[in-house]
Amino acid sequence: MGSFPTQRAERPQPAPYDITELPPAHRHHLPPQQPPPNHSVARTSLPGNPLAPAAARRFVRAALADWTGLALPAAAAITERVADDAVLVVAELVTNAVVHAGTTVELLFRLEEPDADQPAALVLEVSDHHPTRTVRSEHPAAEGGGGPEEYGRGLQLVAALAECWGITYRPGLKTVWARLPLDGWDTCPVPGTEPAIQRGLRAAEILAPAPRRPVRDDQEWAGSGALTFLAEASDLLAGQLDEDLVAALAGQLLVPRLADWCAFWLEGDGGEGPVAAPRLARVWHADESAIEPLRAALQKEPPPAPDAGHGGPVPVRWPDPGGHGEGDGDGTALACRLAVGGRGLGTLMLGRRGTERIPDAVTALVEDFARRVALAIGAARRYTRQATISRVLQRGLLPSQVAQIPGVASCVVYEPSDDGLAGGDFYDVFQAAAPAAGTGFGTGTGVGLGALPDPRPGADPLPEALPGTDPLPGAGPHPGSADRAPVGAGSPVVAGSAAQGGGGRPGRWCFMLGDVQGSGPEAAVVTGLARPWLRLLAREGHRVGEVLDRLNRLLLDDATEAAEAAALVVAAAGGPDPQPPSTHLTQSRFLSLLYGELTPLPPEEGGGARCTLACAGHPLPLLLRPDGTVTPVAVPQVLLGVVDDVAYESHTFHLAPGDTLLCVTDGVTERRSRAGRMFDDEDGLAQVLAACTGLTAQGVADRIRQAVHAFGEGPVADDLALLVLQAREHPA
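Residues numbered from 1 in each chain as written. Predicted model: local features only at pLDDT ≥ 70, side-chain atom pairs only at ≥ 80, totals over all residues. Heavy atoms only, no water.

Chemist: Honestly, the packing of helix 1 (residues 52-69) against helix 2 (residues 80-100) in this entry has me stumped. Any pointers?
Modeler: When two helices pack together, you describe them by how their axes are tilted relative to each other and by the distance separating the axes. Between helix 1 and helix 2, the shortest axis-to-axis distance is 8 Å and the interhelical angle comes to 145°. With respect to the hand of their crossing, helix 1 and helix 2 are arranged in right-handed fashion. Here Ala52, Pro53, Ala56, Arg57, Val60, Arg61 and Leu64 of helix 1 come into contact with helix 2, specifically with Ala83, Asp84, Ala86, Val87, Val90, Ala91, Val94, Thr95 and Val98. Considering only residue class, the contact of helix 1 with helix 2 consists of 12 nonpolar, one polar and three charged. (Axes fitted to C-alpha atoms, helices over the stretch in contact; angles between N-to-C directions. Helix = DSSP H or I, 4+ residues; strand = E, 2+ residues; numbered from the N terminus. Left-handed = near helix turned anticlockwise from the far one by under 90°. Contact = heavy atoms within 4.5 Å. Nonpolar A, V, L, I, M, F, W, Y, C, P; charged D, E, K, R; others polar.)

Dropping the structure here:
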């Protein structure tokens, strides 16, 4: 309870020392050599316009700063809270004077030192020149005027913060004053034991905006207002892909336009199995402080689910009024079934206070609105199912982990363009063969890896390194660049343990980065074939070029079989006789691929790794040297799965310690800017890579990814995948 107004009794006061401020501010301070008086006073005159409260707040803070700077004894008790309370009180008093008197306002602010019967305090006096105009204690917002921003909050706030306050009438002058004590103003750690805490809570209650009951015009829902509302709701709900978000948005559309509160129960999507108990997905109330009590009441006693064939909302029992908070009386509640295609999805419940019946126009509008909410929830659930299937499929198409290569650090970045669809890009890093026993990798003994012969009959010698790359240790120049046997000369499948190194070949780690034509399930089918085939061919001991030859043949055979099956289906349905598969039918499944293998080298052979790779219709890999030079390390070749009379060639180079190999998909190189330029135009990717000198594999991957995203304004339109391999100084 606030203080009571009193008629102020004047006490004999010593002659005050004035700090006077008149617009513009002219302030003279107490001379340092003069002792402080018993009272320090600041005065000013303010015009009776809306700018006066702000000027009064600045004036009070300036006076408090002056007194604190003068080190007056009583000023030591002035805290930030005292200053804030004084500013609030003066703003309310000046606002009251300006609004209800409209004359020039005289402001006096005094710091009283403690005496025998009075503690130290701040005293505010606000005078106007219209004494016959009474002081209003309530702002006229309830009468249709402005809110607290224009009229203040009367004297309620003053009574809550001041120790005492009152009104003094003089000829031609009316003064409203308030006294704010300085003692005991700090917050006490024990709640409820300090009067200042109670004053603060009361002030916060006054300052908090009071909830207003919405004024509804139900007649507008009988005409074009209903159509506008439904169109707005359809646009807002149509693009939402989460059922809980649909319920949240629907609740905010209903409240407070059509109801005072609403709630959504959603049933589980159990397919053909038993349906789980409905869950209370969303509760919304016009008074946000009543949301949690309403939720508790509804969870305690949920409404019965209406019959989907009833055809509209049905009356239900009003929830326990005690759970709504203070002032929430009885009213009318309706429940409406949310159903699509005869299948129930949940229940919508809404209520209006203080009415016995909701108009028919509103009931019909709620029924139409519930249909749109049900359609949005159904679409969100279908998307969720599709996204879940896609994520499960994506996890099966991509490796669960990337193999650790001795002496080579690796980093993979993979971002599908659509979380709801399986991407067409894929990657893998795996061990094809363990180091052969007796090679002495990492020990400085054994046979040099570069001098090992190919055990297959008819195999070509080791290829010559590409221009601009280091020659392999132990390998001299040889004509030709293919590392494979002729396609027709079948290579034997070498059986043996991992210690035998896969048919006598030393420890090898293979890597791949591919991009299948298209996206979605069709691309997932090809990815599901290509990656396991590549792993199998690599572990059988086939060299890089031959792996691509065989994968190309497998893709063509699979496409031919698919075309023949489609022709037979057409014929069984009464179509034309099946014909031999045409060329365009056999080219429906193709992909671009970068495939290679790494053989770590011991320090006596230069360290790093021997890298052999081939590029089939894929963006060329780039090699970054420690000095910042960037060169491509492959030549372009035809896509896989397009033609069957192609022989893929591979190239070998030395990935020396400190070298970085960057492999990307076209989601990186073909990223477009707003002007239509692609990221790799004018060797843009090579320029960004050159700036990555000295970074780790993770740092290079992050730098490239950031550059790709920053190049265009919108999200990346295609799947983004990149693989970074960096040779370390010493093998792990």
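Chemist: How should the sheet that holds strand 9 (residues 279-285) be read in this particular structure?
Modeler: As a general point, the strands of a sheet are linked pairwise by backbone hydrogen bonds and lie either parallel or antiparallel. Judged by pairing direction, the sheet is antiparallel, and its five strands sit side by side in the order 9-8-12-11-10 without closing on themselves. Here the strands that pair on one side only, and so sit at the sheet edges, are strand 9 and strand 10 (314-316). Within the sheet, the average angular offset between the axes of one strand and its neighbour, ignoring direction, is 25°. Bridge count for strand 8 (residues 261-266) against strand 12 (residues 343-353) is six bridges, and the pairing is antiparallel. (Pairing = 2+ DSSP bridges.)

Chemist: Could you clarify how one ought to interpret helix 7 (residues 243-254) in this entry?
Modeler: Along its 12 residues, helix 7 runs 17 Å from first to last C-alpha, staying within 8% of the 16 Å computed at 1.5 Å per residue. Of all 12 residues making up helix 7, nine are buried, and the element is well covered by its neighbours. Residues of helix 7 that are buried include every one of Glu243, Val246, Ala247, Ala248, Leu249, Ala250, Gly251, Leu253 and Leu254, and no others. Residues of helix 7 that are buried in the fold lie against helix 6 (224-238), strand 8, strand 9, strand 12 and helix 9 (360-397). (Expected span 1.5 Å × (residues − 1). Buried < 20%, exposed > 50% of the residue type's maximum accessible area, 1.4 Å probe, protein only.)

Chemist: So what exactly am I meant to see when it comes to the pattern of salt bridges here?
Modeler: Opposite charge on two side chains makes pairing possible when the charged atoms of those side chains draw close. Under the defined criterion, the tally for this structure stands at 26 salt bridges. Two residues, Arg279 and Asp244, come together in a salt bridge whose shortest N-O distance is 2.7 Å. Here the residue Arg279 occupies a position in strand 9, and Asp244 occupies one in helix 7, the gap between them amounting to 35 residues. Taking the relative accessible area as the measure of exposure, Arg279 reaches 35% and is therefore partly exposed. With a relative accessible area of 32%, Asp244 lands in the partly exposed category. A network of salt bridges, in which partner residues are shared, links Arg110, Glu112, Glu125, Glu163 and Arg179. (Salt bridge = Lys/Arg side-chain N within 4 Å of Asp/Glu carboxyl O.)

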